[in-house]
Amino acid sequence: MSRITIDPVTRIEGHLRIDVEVNGGRVANAWSSGQMFRGIERILQGRDPRDAWLFTQRFCGVCTTVHAIASVRAVENALGLEVPLNAQYIRNLIIAAHALHDHIVHFYHLSALDWVDVVSALKADPAKAATLAESLSDWPNNNRLQLKAVQDRVKGFVEAGQLGIFTNGYWGHPAMKLPPEVNLLAVAHYLEALEYQRRANQVVAILGSKTPNIQNLAVGGVANAINLDNEATLNMKKLYQVKDLLDGMMAFVEKVYFPDICAVGAMYADWFNYGKGVPNYLAVPDLPLDGKGTQFDLPGGTIMNGDLSTIREIKSFEDPYFKDNVAECIARSWYDGDWTKHPWDESTDPKYGEWQDDGKYSWIKAPRFNGEVVQVGPLAQVLVGVALKHEPTVRWAMKTLETAGKIAGAQLSPAILHSTLGRHAARMIRTAVIGEVALKHWQLLIENIKKGDVSIYNKPEFKGEQRGFGFHEAPRGTLSHWVVIRDGKIANYQAVVPSTWNAGPRDDKGRMGPYEASLVGNPVANPELPLEVLRTVHSFDPCIACAIHTLDPEGQEIARVKAL
Ligand code: NFE
Ligand code: MG
């Protein structure tokens with residue numbers, strides 16, 4: 001039995017430590033630990049609830065937007081406040097554009113290097129790579145000359161000894177299996193994706209005034225004045241700029257991201273056998289179609305034991321099935337106590353101690369839904385969509401399984417999705433669905449404005465004690481903010497975040513969190529170079545800043561750092 005500590009895990013957001021015990025080339029036990037305490041939930045106490053969204057955006061450097069959305073929704077829910085349709089559609093466009101940006105960055109820039117050997121791309125024949133690419137997609141940049149140019153660029157970096165961010169990759173690792181031509185294509189798309197993630201973020205900046213940390217929200221609506229004839233407001237020019245950017249994103253997703261995932265999936269098909277972990281899933285509905293949040297374009301619900309027939313839908317911003325069933329446990333986390341509580345009743349009292357395998361070992365709390373450990377994220381979103389027969393999700397999921405199956409020469413069933421590679425496939429499926437639905441919401445916004453409706457804001461009213469919760473299906477999964485307001489001031493504020501659900505430690509019953517459970521059984525060919533462990537952890541797209549949102553002011557060293 002050997003023990004591997006990976007600390008810090010890189011190509012993620014925040015500070016994550018993963019420990020595994022390896023026996024006979026397989027992971028036998030695992031621990032996931034958030035290594036950073038922040039404190040924003042405490043900073044919010046006593047403040048004006050209308051300002052909370054500006055603070056909560058600072059939980060994280062990646063998904064700022066999502067905490068703004070969840071926060072205004074929580075306060076609106078506490079007040080029973082509807083928002084005007086225009087505000088809902090503008091928020092939806094920001095949510096969708098942010099997700100497009102985030103998923104593309106995750107696949108190409110944060111996780112692809114676990115599967116793609118950059119140095120091997122130097123051995124590729126660009127003409128062969130172009131022929132292969134043309135068999136999968138008519139993306140114009142997949143031609144011999146462009147691919148040769150990319151190869152020459154990478155060669156230049158290598159010869160000059162300037163691999164930059166590619167310096168410490170697992171090049172030549174036995175678990176790297178792609179032929180040089182596929183590696184070359186992937187490197188070309190890595191570079192192109194840098195441009196496309198930027199374009200998606202431009203949509204967020206146009207509508208949100210800037211990104212990261214949008215400026216256009218308000219409890220009760222948005223601050224985007226609408227006047228189609230005015231240069232300074234949301235006008236026809238800006239709206240068409242948004243549409244143009246979204247159209248370009250959808251083309252990239254269809255012609256680059258989709259075939260890349262199908263090809264990587266087909267060539268690493270054994271990775272559909274690892275990383276299942278916790279097959280209980282939670283997703284909440286999103287992209288509301290009315291001011292109240294009773295109808296949505298993306299469905300939500302729960303699935304237990306990997307059985308789609310157990311689907312139970314979450315239907316509205318008020319749904320008691322969600323409201324009553326979220327709790328967090330701190331039995332194995334560095335907080336004072338060992339309770340499990342509903343977010344409205346929780347406190348955040350940090351109490352750091354040493355790492356204990358059988359005791360407390362993380363700053364992350366362990367959320368539970370209806371008492372169960374659940375996995376959140378694109379895989380949950382896609383499975384819930386398939387179970388509820390959500391047309392675009394079913395269509396993209398089937399198309400992905402068919403295309404990957406064709407390349408692999410095998411029949412792939414939806415059951416393979418409960419896996420490390422399944423999480424990557426699901427993220428692409430979700431990105432395609434969101435790309436399509438974003439264009440619909442653009443149309444809805446235009447049509448509503450055409451009717452003469454330019455309203456964007458309803459005024460909030462505070463009185464006595466008001467409790468609320470707001471959820472949002474963020475890129476990494478179900479996010480909820482919970483607020484207790486007394487006489488117009490925040491009395492308690494808790495955020496239960498996607499990476500908290502997935503990266504959380506064991507609970508009072510000793511049950512592992514989703515990262516931990518999904519690592520057990522993973523192969524590890526070389527304990528000195530535990531690439532396979534990173535594959536599974538990265539498949540969740542960890543964001544540990546979000547997961548804890550609560551810094552050790554002393555900057556105390558709390559773990560041995562092993563550079564990998
Ligand atoms: Ni910091 Fe996040 C998302 C939220 S956390 S990235 O998506 O909320 O998992
Ligand atoms: Mg929290």
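Anything mentioned here points back to the structure above.
Summary of the structure given here. (Residues numbered from 1 in each chain as written. Chains lettered and ligands numbered in written order. Predicted model: local features only at pLDDT ≥ 70, side-chain atom pairs only at ≥ 80, totals over all residues. Heavy atoms only, no water.)

**Some thoughts on unusual backbone geometry**
Next, step 1: Each neighbour pair has its own omega, and for D7 with P8 the value is 5°, a cis peptide bond.
Next, step 2: Position of P8 relative to the elements: it lies in the loop between β1 (2–6) and β2 (16–23).
Next, step 3: The peptide bond linking T211 to P212 adopts the cis configuration, its omega dihedral lying at -5°.
Next, step 4: Phi angles above zero are rare outside glycine, and L287 is one such case at about 60°.
Next, step 5: Looking at L287, the relative accessible area reads 2%, which means it is buried. (Helix = DSSP H or I, 4+ residues; strand = E, 2+ residues; numbered from the N terminus. Buried < 20%, exposed > 50% of the residue type's maximum accessible area, 1.4 Å probe, protein only.)

**Some thoughts on the side chain of N92**
Next, step 1: Structurally, the position occupied by N92 is in helix α4 (residues 85–111).
Next, step 2: Classification of N92 by relative accessible area gives buried; the value is 1%.
Next, step 3: If we ignore the near neighbours within four places in the chain, the residues touching N92 are R73, L287, P288 and H441. (Contact = heavy atoms within 4.5 Å.)

**Focus on the coordination of the nickel atom of ligand 1**
Next, step 1: Listed as protein donors to the nickel atom of ligand 1 are C60 (SG), C63 (SG), C543 (SG) and C546 (SG); their distances from the metal cover 2.2 to 2.8 Å.
Next, step 2: Considered as a linear motif, the donors of the nickel atom of ligand 1 on their single chain read C-x2-C-x479-C-x2-C.
Next, step 3: A separation of 3.2 Å is found between the nickel atom of ligand 1 and the iron atom of ligand 1, which are bridged by C63. Of this pair, C60 sits in the loop between α2 (52–56) and α3 (64–79) while C546 sits in helix α16 (residues 544–548), placing them 486 residues apart in sequence.
Next, step 4: Judged by its relative accessible area of 3%, C546 is buried. (Donors = N, O, S within 2.8 Å, 3.2 Å for Na, K, Ca; no water.)

**Some details on the sheet that holds strand β6 (residues 281–283)**
Next, step 1: The three strands are arranged β6-β9-β10 in an open sheet whose pairing can be described as antiparallel. At either margin of the open sheet sits one strand with a lone partner, and together these are β6 and β10 (307–314). Here the average twist between neighbouring strands, direction ignored, is 15°.
Next, step 2: Inspection of the sheet shows strand β9 (residues 300–304) paired to β10 by four bridges, in the antiparallel sense. Of the residues in β10, the one forming a bridge with T302 is R312.
Next, step 3: Packing of helix α10 (residues 378–387) onto the sheet brings it into contact with β6, β9 and β10, and relative to β6 it is tilted by some 85°. (Pairing = 2+ DSSP bridges. Axes fitted to C-alpha atoms, helices over the stretch in contact; angles between N-to-C directions.)

**Quick word on the packing of aromatic side chains**
Next, step 1: Enumeration according to the criterion identifies 30 aromatic pairs in this entry.
Next, step 2: An angle of 40° between the planes, with centres 6.2 Å apart, marks the rings of F322 and F369 as tilted. Within this pair, whereas F322 is found in helix α9 (residues 320–323), its partner F369 is found in strand β13 (residues 366–369), the two being separated by 47 residues in sequence. Assigned by exposure class, F322 and F369 land together as buried. (Phe/Tyr/Trp six-rings, centres within 6.5 Å; stacked < 30°, edge-to-face > 60°.)

**Here we look at a nonpolar patch on the surface**
Next, step 1: A cluster of nonpolar residues, L132, L136 and I407, forms a patch on the protein surface that exposes about 190 Å² of accessible area.
Next, step 2: With a relative accessible area of 33%, L136 lands in the partly exposed category. (Patch = residues over 30% accessible without salt bridge, like charges linked within 9 Å, V, L, I, M, F, W, Y side chains within 5 Å. Areas by Shrake-Rupley, 256 points an atom, 1.4 Å probe, with all protein chains shown as cover. Salt bridge = Lys/Arg side-chain N within 4 Å of Asp/Glu carboxyl O.)

**Observations concerning the site of ligand 1**
Next, step 1: Every one of the 13 residues lining ligand 1 counts as a neighbour, but C60, C63, S499, C543 and C546 are closest to it.
Next, step 2: For ligand 1, an oxygen atom lies 3.3 Å from a polar atom in the backbone of P475.
Next, step 3: Broken down by secondary-structure element, the contributors of at least two residues to the shell around ligand 1 are α3 and α13 (498–503).
Next, step 4: Here the shell around ligand 1 is composed, by residue class, of 10 nonpolar, two polar and one charged. (Near = heavy atom within 4 Å. Polar contact = N/O pair within 3.5 Å; in protein donor to acceptor, adjacent residues only side chain to side chain. Nonpolar A, V, L, I, M, F, W, Y, C, P; charged D, E, K, R; others polar.)

**Observations concerning the packing of α10 against helix α11 (residues 391–408)**
Next, step 1: It is the contact of α10 with α11, at a shortest axis distance of 8 Å, that shows an interaxial angle of 110°. In this view, α10 runs roughly perpendicular relative to α11, as classed from their interaxial angle. The crossing of α10 and α11 is left-handed. Together, V382, G385 and V386 of α10 and T393, V394 and A397 of α11 make up the contact between the two elements.
Next, step 2: When its residues are assigned to classes, the contact of α10 with α11 shows four nonpolar, two polar and no charged. (Parallel < 35°, antiparallel > 145°, perpendicular 65-115°, else oblique. Left-handed = near helix turned anticlockwise from the far one by under 90°.)

**Here we look at the nonpolar core**
Next, step 1: By size, the foremost hydrophobic cluster in this structure holds 164 residues, and its most contacted members are I18, V20 and V533.
Next, step 2: Among all residues touching I18, those that are not within four sequence positions of it are I4, T5, I6, V9, W31, S32, Y515, L519, V533 and V537.
Next, step 3: In terms of nonpolar packing, the next biggest core, distinct from the first, is built from 19 residues, F296, Y321, F369 and W501 among them. (Core = buried A, V, L, I, M, F, W, Y, C linked by side-chain atoms within 4.5 Å.)

**Some details on helix α7 (residues 180–208)**
Next, step 1: In a regular helix each residue adds 1.5 Å, so 29 residues correspond to 42 Å; α7 covers 42 Å between its end C-alpha atoms and thus fits that length.
Next, step 2: The sharpest bend along α7 measures roughly 30° and falls at E192.
Next, step 3: Looking one or two places after α7, you find S209, whose phi comes out positive at around 75°. (Expected span 1.5 Å × (residues − 1). Bend = angle between axes of the 7 residues up to and from the residue.)

**Let's talk about the side chain of H101**
Next, step 1: Here H101 lies in helix α4.
Next, step 2: You can call H101 buried: its relative accessible area is 12%.
Next, step 3: Look past the residues within four positions of H101 in its chain and what remains in contact with it is Q197, A200 and N201.

**Regarding the environment of H390**
Next, step 1: Tracing the sequence through the fold places H390 in the loop between α10 and α11.
Next, step 2: Along the backbone, H390 and G377 are 13 residues apart, and their C-alpha atoms lie at a distance of 17 Å.
Next, step 3: Setting aside anything within four residues of it in sequence, one finds H390 in contact with D297, L298, P299, G385 and V433.
Next, step 4: Engagement of the side chain of H390 in a polar contact is seen with the backbone oxygen of D297, the distance being 2.9 Å.

**Description of the pattern of salt bridges**
Next, step 1: Tallying each qualifying case throughout the model produces 26 salt bridges.
Next, step 2: Across the salt bridge formed by D286 and R73, the nearest N and O atoms sit 3.0 Å from each other. Taken together, the residues D286 in strand β7 (residues 286–288) and R73 in helix α3 connect sequence positions 213 residues apart. R73 carries the same exposure label as D286, and that label is buried.
Next, step 3: One salt bridge connects R199 with E195, and the closest N-O pair in it is separated by 2.9 Å. In this pair, R199 and E195 both sit in helix α7, four residues apart, roughly one turn of the helix.
Next, step 4: Owing to a relative accessible area of 27%, R199 belongs among the partly exposed residues under this scheme.
Next, step 5: By sharing partners, the salt bridges in this structure join R3, R17, D19, E21 and D357 into a single network.

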